[in-house]
Structure formats: structure tokens, C-alpha cells
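# Results of the structural survey
Each chain is listed here by its residues.
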Amino acid sequence: MTIMTREEQNLWPSFVDLMSSMFLFMLFITLALVFARPEEAKEDGASVELSDILARERAERIKNEANTSRIDALNQMVAEMDGTIIKKENEIKTLEQQNREYKNRVERLGRELQKLNAVFEATDKYIAWQKVQIVELGKKLNRALANKTAELHRVRSDFFGSLLGALEGNRNFEIRGDRFVLPSEVFFAPESAEIGEAGRAALDGIAATLIEAMQKIPDDTDWILRVDGHTDSRPVRAGSLFADNWELSSARAGEVVRYLHSRGIPADRLAAAGFGEFQPVAVGNDNASLSKNRRIEFKLTEK
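Residues numbered from 1 in each chain as written. Predicted model: local features only at pLDDT ≥ 70, side-chain atom pairs only at ≥ 80, totals over all residues. Heavy atoms only, no water.

### Structural notes on the layout of surface pockets
Put simply, the rule reads: Detection works on a 1 Å grid of protein atoms alone, calling trapped sets that fit a 1.4 Å probe cavities and calling open sets with protein on both sides within 12 Å along at least five of seven lines pockets, with lining residues defined by an atom within 4 Å of a point. Grid points are joined across faces, edges and corners, and a volume is the space filled by probe spheres set on the points. Asp, Glu, Lys and Arg are counted as charged, while Ala, Val, Leu, Ile, Met, Phe, Trp, Tyr, Cys and Pro are counted as nonpolar; the rest, among them Gly, fall into the polar class.
Its volume calculated, the largest pocket comes out at about 240 Å³. Around the largest pocket, the lining is made up of 15 residues, and of these P190, E191, D232, R234 and R294 lie nearest the centre. In the lining of the largest pocket, the residues fall into 6 nonpolar, 3 polar and 6 charged.

Shown next as C-alpha cells:
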């Protein structure tokens, strides 16, 4: 048996410790090798899971960024819409103000229209009343005119009746409607406007009869005695005092009017007219027709 020296005895524990350490190290290495693949598998699974998480996070981030962009766009749209709404609200307020003003105007116009309608209604009533008054006045005037016409007609009838008595000896007169007709020969010579003696006598009777009839004519009746001169169709002879039958008939009517005025008939109650040959009462050129057309007519009528 070999006896170790003290120096060798002191190295042995260190050797044992070294071997122990090596053994433990080898054991750790072995265990590490044994368990190395499961850990790698775990690490691979973790990497895949981490990638999925990162992908999801990236997708979520992209989604969030897109949503953020959309939100920004929506916010901008909302801001624009808010501006538009404010603008429209202001426009609505303006329109409401205008509407109130228009409403006030319409109300004022309505009140003015009511006033005008009241005026028109009163005017219509007044016009209707005036129409009634006019109708009534017309009726009264018509009655008065009818009465005056009837009175004048009665006076004319009396006048003509009196003339018939005044001219009883003269058979040449004729009553034609509302006219008393005498042949021109009673008063004038052919183509003459100078009243003869027989004519003056006839006119004296007419004047006296008319003066008597005047007393019966109402004072408010505007009447006249119209004297119309007529000739036949034969032209006046050359060298005559008259240019034509118009002038001859007018001169004769004027002379009759002047003579009646000289016998007391007011001038404003007398009128003269000459018709020449243009209003014949008989057609033809025979002596009888020509004689009928040469005439002096007396008409008591209103102006």
C-alpha cells in the first residue's frame, strides 16, 4: 500500500471537487441536449403565435388607421355639414323674417282691401240707389213728357181745329199727320216770295188761332211753329231772283215766319226751313202732282 504524502493528501479534495464539477457540468449538458428539441418546438410555436399576434396587431393598426382616416373624413364632412346647417339656419331665419314681413304686409293689405270693399260696397249701394232714382226719374220724365206731348197734341188738335174754322172759306188746305198744309198759290205768285193779299188774310187767321192756342200750352213746354217751304221739281227760270228751288222755298218760308211775327207770334216760337223739290208728296210731272208738291206746311211741335 502506497502511502500518500501530505502534499498529495492536500490535492485530493480539490481533484474530487473538480471531478464533481465536471460531472455536474456534463450532466447539465446531457440534460440540456435531452430537453433541447421540446424547447425549440415551444419556441417555434411561440414565434408563430407571436407572428399571428403581430399580424393581427398590424391589421388592427391598419384598420385603426383606416378608421381614423374615415373618422377624420367624417369629422370634416360633419364640420362642413355643420357649416351648411348654420348657413341654412341663417337663411331660414332670413326667410322667416321675410315671411313675417310679408305676412304683416298681407294683413295690412287685407285691412286696406276690407276698407276698399266697404267703400265699393257703399258705392255699389249708392249706384244702385242712383239707378233706382234714375229709373224713377225717367219714369217721371216719361210721364211728364207724355203728359206734355199729350197736352201739346191736344193743343195742336185744337189749333188745327181752329184753323179749319179760320180757313173755312178756303178749300185748298189739308191736314197731313201732324202738319197743316196749304198750297203755295194761296200765298205766292209763281216763282215769287212776296205774300199776296189772300195769303196775308190766311196768315192773319193762322196767327190769331195760334195766339189763342198759346194760352193753353204749358209754360214749361218748349214749342215752336215750324214753317216749311216746298217747291215742285221744275227748275227756276233763267233770270229769276232765286238761284234754285232751295233758295225759293227758303225765302217763302222766311216771309211767312216774318209775317206771323209781325202779327204777334214771338220770334223764338217760329222757325223756317226750305226743302226745295226734294221732299215731294206726289210722284209725277202732271199738273196735279206738281201742284201738290208746291206747298207751305205748318207744324206745331217741340224744339
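### Digging into the sheet that holds strand 1 (residues 174-176)
Counted only if it meets this: Should DSSP find at least two bridges between two strands, the strands are regarded as paired. Only DSSP runs of H or I with at least four residues qualify as helices, and only runs of E with at least two residues qualify as strands; both kinds are numbered from the N terminus onward. Lines are fitted to the C-alpha atoms to define the axes, a helix being fitted only along its stretch in contact, and any angle between axes, read from their N-to-C directions, falls within 0 to 180 degrees. Working rule for contacts: check all heavy atoms of both residues, and any pair within 4.5 Å makes them a contact.
The sheet built from 5 strands is open, its strands ordered 1-2-5-3-4 with mixed pairing. On the outer flanks of this sheet lie strand 1 and strand 4 (270-274), each paired with one strand and no other. Strand after strand, the sheet turns through a mean of 25° between neighbouring axes, direction not considered. Packing against the sheet, helix 4 (residues 245-262) makes contact with strand 3 (223-230), strand 4 and strand 5 (295-302), and its axis sits at approximately 165° to strand 4.

### Remarks on the confidence of the model for the chain
Defined as follows: Looking at any residue, its pLDDT shows the predictor's confidence there, from 0 to 100.
Averaged over the chain, the pLDDT score is 80; the fraction of residues at 70 or greater is 75%. The secondary structure element of the chain with the lowest average pLDDT is helix 1 (residues 6-34), at 62, and the one with the highest is helix 4, at 98.

### Some points on unusual backbone geometry
Worth spelling out the cut-off: Per-residue accessibility, obtained with a 1.4 Å probe over protein chains only, is compared with the maximum for each type, and a residue is labelled buried under 20%, exposed over 50%, and partly exposed between these values.
A positive phi is found at E191, a non-glycine position, where the angle reads about 55°. By the element assignment, E191 lies in the loop between strand 2 (179-183) and helix 3 (197-214). Note on E191: relative accessible area 24%, which makes it partly exposed.

### Describing the pattern of salt bridges
Note the threshold: Within this document, salt bridges are pairs made up of a side-chain nitrogen of Lys or Arg and a carboxyl oxygen of Asp or Glu, the two lying within 4 Å of each other.
Here the structure, examined in full by the defined rule, presents 19 salt bridges. One salt bridge connects D228 with R179, and the closest N-O pair in it is separated by 3.0 Å. With a gap of 49 residues between them, D228 in strand 3 and R179 in strand 2 connect regions that are remote in the sequence. One network of salt bridges, in which partners are shared, links E174, R176, D178, R179, R226, D228, R295, E297 and K299.

### Some points on the side chain of R269
Tracing the backbone through its elements, the reader meets R269 in the loop between helix 4 and strand 4. Every residue in contact with R269, bar those within four places of it in the chain, is listed here: T221, D222, W223, I224 and L225.

### Section: the pairing of strand 3
Here is the rule: Note on handedness: a crossover is taken as right-handed if, strands pointing away from the viewer, the path from the first strand over the helix to the second is clockwise.
The buried fraction of strand 3 amounts to 7 of the 8 residues, a majority that puts the element mostly inside the structure. In the sheet, strand 3 pairs with strand 5 via 8 bridges, with the strands oriented antiparallel. When the sheet's bridge partners are listed, D228 is paired in strand 5 with E297. The pairing of strand 3 with strand 4 spans 5 bridges and is parallel. Residue pairing for strand 4: D228 is matched across the bridge by A273. With helix 4 bridging strand 3 and the parallel strand 4, this β-α-β connection has right-handed handedness.

### What about the side chain of H230?
Along the chain, the position of H230 falls in strand 3. Filtering out sequence-adjacent residues up to four positions away, H230 remains in contact with S184, S249, F275, G276, Q279, N293, R294, R295 and E297.

### Some details on a nonpolar patch on the surface
Put simply, the test is: Surface patches are defined over residues having more than 30% relative accessible area and no salt bridge, joining like charges when they lie within 9 Å and nonpolar side chains (Val, Leu, Ile, Met, Phe, Trp, Tyr) when within 5 Å. Areas reported here follow the Shrake-Rupley algorithm with a probe of radius 1.4 Å; residue values treat only the protein chains shown as occluding.
Together, L113, L116, V119 and F120 line one region of the surface with nonpolar side chains, adding up to about 380 Å² of accessible area. Looking at where L113 falls in the secondary structure, it is placed in helix 2 (residues 36-166). Residue L113 is classed as partly exposed on the basis of its relative accessible area of 46%.

### Concerning the pairing of strand 2
Burial analysis of strand 2 places 4 of its 5 residues in the buried class, the great majority of the element. Across 4 bridges, the pairing between strand 2 and strand 5 is antiparallel. Note that in strand 5 the partner of P183 across the bridge is R295.

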